[in-house]
Amino acid sequence: MLIKKPSDVLSSDITPEKVYLKRRQFMAGSLLSAGVMAAPFSVGAEQQILPALRYKKVTEDSSTGYYTNEMLAPYDDIKQYNNFYEFGMNKDDPARYSEAMSIDPWSITIEGAVEKPGTFALEDILSKIDLEERIYRLRCVEAWSMVIPWVGFPLADLIKQFQPLSNAKYVQFVTLNRPSEMRGLRSRTSIIDWPYVEGLRIDEAMNPLTFLATGLYGRQLPKQNGAPIRLVVPWKYGFKSIKSIVKIRFLEKQPATSWNTLQSSEYGFYANVNPEVEHPRWSQKSERRLPSTFFSPNRMLTEPFNGYGEQVASLYSGMDLRKFY
Amino acid sequence: MMYAKPLIFTACLIPLAALLYQAVTGNLGADAGKALVLQTGEWSFRFLLLSLAVTPLRQLTKKSVILRYRRMLGLYTWFYASLHLMAVLTYLLGWSWAIFVEEFSERPYMALGIIAWTLMVPLVLTSNQWAQRKLGRRWKTLHQLVYATGVLACAHFIWLVRSDYGEALIYSSILLILLSLRLIKKYRSVVARRPTRAL
């Protein structure tokens, strides 16, 4: 991992004291209820503080889509509420069990229609790249959303390093598949065909909004959030933003993607956030902006392309988005 | 044994107390509303299984004292199911009639859940001794509706599975065992009652 001196990030920028104190309260609460609840929310091992990253702070200008002034989800919520089925089905499973995943050393294999295929150490890839901050909305297909301050770099910067050939029309991503360290992969009742795979059209991949994150709240990415490197595609449902990437393939044909293979009527290849196209089992018209509490559910209407239409709608001009959902 | 009933009554309220405590103190995680929906639903299903376990347990242990808690467990099933419904209406549907109608008509699992809840209403209303006496033999027939509730609630649960059937499998297996115990008993009594003709 690229860990530079945290010269331009103050620790006070990272975890507000209120959030930090809440964690203590959180643990006490889960201890109290541990006896009666089947699956009490609790943190696993006490999380160590992750190394700070050096990065360029985002310019507070929402016209690019790189920034929003909406309220950030607290760091602890982002770390405690995850879908990362490789570690279990419950939202708190990844926080509890992802510690078992070793992420150092980490390498990424580049395959397919590309000038420079091979397996590359992540630190070598990152050494040629400058990190920056992006504040994005993340809209999950399950109808919840969060505003998250990522640290990373545009996927396009990485793609350019390997020089895709002209017949590279699609990019496929593959998540780590290591059952010994990922207990969800050992589940006998899961019907996902591991490893988790996702994909983008090459023009989607090259869009400046498409981001590879290596950090969160100014610090190295927590494992449950997809360390050491994950995709973030803010105008698509969260499942497109694949975590803990080990392989990137450049392909001529549209690649298989996990949720689409599992249930194509519910999860499309494009998976653009679209309030007009219902998920067969629930409505996509609105979302719960997290944190949502007992007293305020914090429901809001969902925007087409998750509010990034100005930046990305042109990618789909002429396409029937009801058909290509 | 005189304290047994109030003790069990109080114990059945512990899940609610724990949930409320966590909800009010902000310890239900980032999506508290969704957590309330899921947990109240699961507790309702657990109470349903407990209620259905009473009769087989009595037959197994030959202790009829267990039967005294069946009504309470049944009422708690409906109580937690009602909390579940309220949580769905509040946190997922935002008390919007238009959204409710859309969800009910377009999402079968939602319809199944509401039907399962509705089927319990007559059982709750006739759970008192007066109704029991008044209805006589028909009371038992009426209360067999709970089997339908069980099957519907189970389908409601399985329908919501996204990619891992583990938990749903455990709950539905328990329900399957409890219901088949009744079928076996019914079959045996039919066989036993069949007139045997002397040759």
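All figures in this text were calculated on a predicted structure; none of them were measured in a lab.

### Digging into the overall build of chain B
- Counting secondary structure elements, chain B contains nine helices and zero strands.
- Shown N-terminal to C-terminal, the secondary structure of chain B runs as helices and strands in the order α-α-α-α-α-α-α-α-α.
- Projected onto the principal axes, the alpha-carbon positions of chain B cover approximately 70 × 45 × 35 Å.
- Within chain B, the proportion of its 199 residues that are buried is 44%.
- When contacts within chain B are restricted to residue pairs at least 6 apart in sequence, those whose partners lie at least 24 apart make up 66%.
- Accessible surface, chain B as shown: approximately 11600 Å² in total, 71% of it carbon and sulfur.

### What about the overall build of chain A?
- Within chain A, the secondary structure is distributed over eight helices and twelve strands.
- Residues counted as buried form 57% of the 325 residues belonging to chain A.
- Expressed as a percentage of contacts within chain A between residues at least 6 apart in sequence, the contacts between residues at least 24 apart total 72%.
- For chain A, the accessible surface area stands at approximately 13900 Å², while carbon and sulfur atoms represent 53% of it.

### Details of the packing of aromatic side chains
Residues and elements named next belong to chain B.
- For the structure shown, the criterion picks out 28 aromatic pairs over all chains.
- Residues W78 and W117 carry aromatic rings whose centres are separated by 5.7 Å and whose planes lie at 20 degrees to one another, so their mutual orientation is stacked. Here the residue W78 occupies a position in helix 3 (residues 70-92), and W117 occupies one in helix 5 (residues 108-125), the gap between them amounting to 39 residues.
- For W78, a relative accessible area of 24% corresponds to the partly exposed category.
- For W117, a relative accessible area of 23% gives the class partly exposed.
- A centroid spacing of 6.2 Å and a plane angle of 20 degrees characterise the contact between F100 and F104, whose relative ring orientation is stacked.

### A word on the packing of helix 1 (residues 4-24) of chain B against helix 2 (residues 32-61) of chain B
All names here are of chain B.
- For the pair helix 1 and helix 2, the least separation of the axes is 11 Å and the interaxial angle reads 175 degrees. Taken as axis vectors, helix 1 and helix 2 run roughly antiparallel relative to one another. Packed against helix 1, whose contacting residues are C12, P15, L19 and A23, the element helix 2 presents L36, Q39, T40, W43 and F47 at the interface.
- Across the contact of helix 1 with helix 2, the residue classes tally to seven nonpolar, two polar and no charged.

### Some remarks on the pairing of strand 11 (residues 286-289) of chain A
All names here are of chain A.
- Residues S286 and R288 of strand 11 are buried on one face, and the alternating residues E287 and R289, pointing to the opposite face, are buried as well.
- As judged from the two bridges shared by strand 4 (residues 144-154) and strand 11, these two strands associate in the parallel manner. The partner of W144 across the bridge, within strand 11, is R288.
- Here strand 11 runs beside strand 12 (residues 299-301); their pairing, made up of three bridges, is antiparallel. Directly across from S286, in strand 12, lies its bridge partner L301.

### Comments concerning the pattern of salt bridges
Residue and element names in this part refer to chain A.
- On inspection of all chains with the given rule, the structure shows 22 salt bridges over all chains.
- Here K223 makes a salt bridge to E99, at a shortest N to O gap of 3.4 Å. In this pair, K223 is assigned in the loop between strand 8 (219-220) and strand 9 (230-232) and E99 in the loop between helix 3 (93-97) and strand 1 (107-112), connecting sequence segments 124 residues apart.
- According to the relative accessible area criterion, E99 is partly exposed, its value standing at 40%.
- With a closest N to O distance of 3.1 Å, E287 and R139 form a salt bridge. With E287 in strand 11 and R139 in strand 3 (residues 132-139), the pair connects residues that are 148 residues apart, well separated along the chain. Per residue, the accessibility class of E287 equals that of R139, and both read buried.

Reading the values: the criteria
- Residues numbered from 1 in each chain as written.
- Chains lettered and ligands numbered in written order.
- Predicted model: local features only at pLDDT ≥ 70, side-chain atom pairs only at ≥ 80, totals over all residues.
- Heavy atoms only, no water.
- Helix = DSSP H or I, 4+ residues; strand = E, 2+ residues; numbered from the N terminus.
- Buried < 20%, exposed > 50% of the residue type's maximum accessible area, 1.4 Å probe, protein only.
- Contact = heavy atoms within 4.5 Å.
- Areas by Shrake-Rupley, 256 points an atom, 1.4 Å probe, with all protein chains shown as cover.
- Phe/Tyr/Trp six-rings, centres within 6.5 Å; stacked < 30°, edge-to-face > 60°.
- Axes fitted to C-alpha atoms, helices over the stretch in contact; angles between N-to-C directions.
- Parallel < 35°, antiparallel > 145°, perpendicular 65-115°, else oblique.
- Nonpolar A, V, L, I, M, F, W, Y, C, P; charged D, E, K, R; others polar.
- Pairing = 2+ DSSP bridges.
- Salt bridge = Lys/Arg side-chain N within 4 Å of Asp/Glu carboxyl O.

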